[in-house]
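Here is how the chains run, residue by residue.
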Amino acid sequence: MNYLLDIDFTSRTNDFGEKMAFGATTFIIGLLAVFSVLIIIWLCLVLLKVCLQGVSTGKKTESEKAPVQVVTQAPTASKDDEIIVAIAAAIAAAESESSGLKFRVVSFRRK
Amino acid sequence: MGNIGESILKFLETTGIAKLFGLGEENAAAYQTEWWKYLIMYAIVGVLFYLAIVKKFEPLLLMPIAFGMLLANLPGAELIHTEFFFDDYYISTYGPGILVDGHVPMSRMAAEVVTEGGLIDILYLGVKLGIYPSLIFLGVGAMTDFAPLIANPKSLLMGAGAQLGVFVAFFGALFYFSPAEAGAIGIIGGADGPTAILVTKELAPQLLGAIAIAAYSYMALIPIIQPPFMKLLTTKKERQIKMTTLRPVSKVEKVVFPIVVTLVVCLLVPDAAPLIGFLMLGNLFNVSGVSDRLSKTAQNELINIVTICLGVSVGATANAENFLRPDTLLIIGLGLCAFAISTCGGLVVGKIMCKLTGGKINPLIGSAGVSAVPMAARVAQDVGRKEDPSNFLLMHAMGPNVAGVIGSAVAAGVFLSILR
């Protein structure tokens, strides 16, 4: 027996009207509970996002206000020249295919 | 010669085949009238093996379940004694004095199983005590990426809408079944095996075999069940909607999420704690980045071992005697309705959200709210790509998909709190 209606949960022979009333009540309570819990989680996630955005904005503002010690680095020659050249050559080769021009990379030379 | 002949005859009488056809056994009459039921059970086992091995539908679960069914339907093997898990056996054996508060104490039941039971009886204790579903959820949590849900929390609504079938099937089942049984049948619509098992072992353990097999079979058949409803409830234009890329989710959000969900769900619906608590613990193992060993164990060895034990022991509860009844057919029918209505519920919420956002949400992802991770999300992706091959909905569908896991656990908690 339960507090909702005078119905025996384990019996198949409850009064039909009572069963239907119980079913309708449980249907509504159940769906409401599922939607409520998931909406609360949604709100918590939105709140969490807002809080985190606030914290990150605060950090940015602080870092903008704080005197920044600028460390200048002496310009150094890139060690990836060959990679850059290779990529540039590949792009040029790809473009040449579409434009109909014949293009072939023969060699790379550091200047 | 006479002795040899008698020995051979005696041996033959002890075989399962002789028992199946009721030859020379003390309880021959029982088998003699029931043999055809065993043959039907073998046919059902064959279908499940076909689905698992040939069609590759949920093979990790359907195969142990089918094999458990096979073992439970071998006359004479007696690997499982389902009667050990019901009060009636103890009342008839030891008298009504054994009852405490109207039930046989679990300690007494466990003692009987350990001393008198077989291997599968002992394995089944994990189901009876509610250990396996929680451990499976631990592994599922460790394997699940909640980032799509965190990035797009609106998808929680689709996960909630896709629980509609649970409550409609519950209501429908009340016409014939008891309220507790109706609750266990309704939860099939949650498309979540461990949840269905946990609820059924509490509310209607006598229906466990039928409900578990219906739930897992339908989960396996999602690619066949869902698409017709997806096409019926959406227009071609809606199916072609491309959704914008999800925002990146920070580690802090990922770590806070399982803790927040555990607190919210377990404080509001404490009966969902064994599922949600372990689901979120597994996820925390994964996202925290400091417990890789635990995470790997939960998502590999642990979940694999538990899946074997759960599958075999649940399958073994489906013996010819208690499976081949009109109830089972009704359960299978209601389970299918629950699945279909849940799919429609998710789609309808998806459509509403599509309208409200001015066409930014593809309603197909609502169908993934039925849980069944990640199968339902893949189906949404496949149906979307059939309309537009350049459309990628998988990550968007994962949001409602994992929301469905939480939603079905909440629905289970509601049933347990009301019907237990």
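Notes on the structure follow.

Conventions and cut-offs
- Residues numbered from 1 in each chain as written.
- Chains lettered and ligands numbered in written order.
- Predicted model: local features only at pLDDT ≥ 70, side-chain atom pairs only at ≥ 80, totals over all residues.
- Heavy atoms only, no water.
- Core = buried A, V, L, I, M, F, W, Y, C linked by side-chain atoms within 4.5 Å.
- Buried < 20%, exposed > 50% of the residue type's maximum accessible area, 1.4 Å probe, protein only.
- Helix = DSSP H or I, 4+ residues; strand = E, 2+ residues; numbered from the N terminus.
- Contact = heavy atoms within 4.5 Å.
- Buried area = accessible area lost by both parts, 1.4 Å probe.
- Salt bridge = Lys/Arg side-chain N within 4 Å of Asp/Glu carboxyl O.
- Polar contact = N/O pair within 3.5 Å; in protein donor to acceptor, adjacent residues only side chain to side chain.
- Nonpolar A, V, L, I, M, F, W, Y, C, P; charged D, E, K, R; others polar.
- Axes fitted to C-alpha atoms, helices over the stretch in contact; angles between N-to-C directions.
- Parallel < 35°, antiparallel > 145°, perpendicular 65-115°, else oblique.
- 1 Å grid on protein atoms, 1.4 Å probe; cavity = no way out; pocket = protein on both sides within 12 Å on 5 of 7 lines; lining within 4 Å.
- Points joined across faces, edges and corners; volume = space filled by probe spheres on them.
- Phe/Tyr/Trp six-rings, centres within 6.5 Å; stacked < 30°, edge-to-face > 60°.
- Lys NZ or Arg CZ within 6 Å of the ring centre and 35° of its normal.

### Let's talk about the nonpolar core
- Ile-41 of chain A together with Phe-257, Ile-276 and Ile-406 of chain B are the most contacted members of the largest nonpolar core, which totals 140 residues.
- Counting residues per element, this core draws most heavily on helix H23 (residues 394-419) of chain B, at 15 residues.
- Not counting residues within four places of it along the chain, the set of residues in contact with Phe-257 of chain B comprises Ile-41 and Leu-45 of chain A together with Phe-146, Leu-149, Ile-150, Met-280 and Ile-406 of chain B.
- Counting five residues, the second-largest nonpolar core is a separate cluster that includes Ile-80, Ile-120, Val-312 and Ala-316 of chain B.

### Remarks on the interface of chain A and chain B
- Taken together, the contact pairs 34 residues of chain A with 47 residues of chain B.
- Ranking the residues of chain A by area buried against chain B places Phe-9, Arg-12 and Leu-38 of chain A at the top, with a combined share of 20%.
- Here chain A is connected to chain B by two salt bridges.
- For Arg-12 of chain A, the salt bridge is made with Glu-181 of chain B, and the minimal N-O distance between the two is 2.8 Å.
- Here chain A is connected to chain B by seven residue pairs in polar contact (both at pLDDT 80 or more).
- Taken together, the residues of the side of chain A that touches chain B sort by class into 24 nonpolar, six polar and four charged.

### What about the side chain of Asp-192 of chain B?
Residues and elements named next belong to chain B.
- Within the secondary structure, Asp-192 sits in the loop between helix H12 (179-186) and helix H13 (193-203).
- Among the polar contacts made by the side chain of Asp-192, one reaches the side chain of Ser-371 at a distance of 3.1 Å.
- Once you skip the residues sitting within four places of it in the chain, Asp-192 turns out to touch Phe-137, Met-219, Ser-371, Val-405 and Ser-408.

### As for the pattern of salt bridges
Residues and elements named next belong to chain B.
- Taken as a whole, this structure holds eleven salt bridges over all chains when the rule is applied.
- The residue Asp-271 makes a salt bridge to Arg-420 at a minimum N-O spacing of 2.3 Å. Of this pair, Asp-271 sits in the loop between helix H17 (251-268) and helix H18 (273-288) while Arg-420 is found in the segment after H23, placing the two residues 149 residues apart along the sequence.
- Through salt bridges with shared partners, a single ionic network connects Lys-201, Glu-202, Asp-271 and Arg-420.

### Comments concerning the packing of H17 of chain B against H18 of chain B
All names here are of chain B.
- It is the contact of H17 with H18, at a shortest axis distance of 9 Å, that shows an interaxial angle of 170°. On the basis of their axis angle, the class for H17 and H18 is roughly antiparallel. Residues Lys-251, Lys-254, Val-255, Phe-257, Pro-258, Ile-259, Val-261, Thr-262, Val-265 and Cys-266 of H17 touch H18, and the partners they reach there are Ala-273, Ile-276, Gly-277, Met-280, Asn-283, Leu-284, Val-287 and Ser-288.
- Residues of the contact of H17 with H18, tallied by class, amount to twelve nonpolar, four polar and two charged.

### Let's talk about empty space enclosed by the protein
All names here are of chain B.
- For the structure on display, the rule yields one cavity of 30 Å³ or more.
- In this structure, the largest cavity spans a volume of roughly 60 Å³.
- Around the largest cavity sit 13 residues that line it, and Gln-206, Leu-207, Ala-210, Asn-322 and Phe-323 are the ones nearest its centre.
- Every element with two or more residues in the lining of the largest cavity is listed here: helix H14 (208-220), helix H20 (320-323) and helix H21 (326-356).
- Of the residues belonging to the lining of the largest cavity, the class tally is six nonpolar, five polar and two charged.

### So, the environment of Lys-355 of chain B
All names here are of chain B.
- Here Lys-355 is to be found in helix H21.
- We classify Lys-355 as exposed; its relative accessible area is 64%.
- For the pair Lys-355 and Glu-238, spaced 117 residues apart in sequence, the C-alpha separation works out to 10.0 Å.

### Comments concerning unusual backbone geometry
Residues and elements named next belong to chain B.
- Of note, the bond from Val-373 into Pro-374 is cis; its omega dihedral lies within 30 degrees of zero at -10°.
- Mapped onto the elements of the fold, Pro-374 is located in the loop between H21 and helix H22 (375-387).
- Of note, the phi angle at Glu-78 is positive, near 45°, even though the residue is not glycine.
- Mapped onto the secondary structure, Glu-78 falls in the loop between helix H4 (59-72) and helix H5 (87-94).
- According to the relative accessible area criterion, Glu-78 is exposed, its value standing at 52%.
- Positive phi outside glycine occurs at Ala-191, with the angle close to 55°.
- Inspection of the secondary structure puts Ala-191 in the loop between H12 and H13.

### Focus on the packing of aromatic side chains
- Overall, the coordinates contain 14 aromatic pairs over all chains when judged by the stated rule.
- An angle of 50° between the planes, with centres 5.4 Å apart, marks the rings of Phe-167 of chain B and Phe-415 of chain B as tilted. Of this pair, Phe-167 of chain B sits in helix H11 (residues 164-173) while Phe-415 of chain B sits in helix H23; the two residues are 248 residues apart in sequence, bridging distant segments of the chain.
- Overall, the relative accessible area of 0% leaves Phe-167 of chain B in the buried class.
- Take Phe-415 of chain B: its relative accessible area is 0%, and that puts it in the buried class.
- What links up through ring pairs into an aromatic cluster is the set Phe-9 and Phe-22 of chain A together with Phe-167, Phe-170 and Phe-415 of chain B.
- Of note, Arg-108 of chain B hangs over the ring of Tyr-94 of chain B, and the distance from its end group to the ring centre comes to 4.6 Å.

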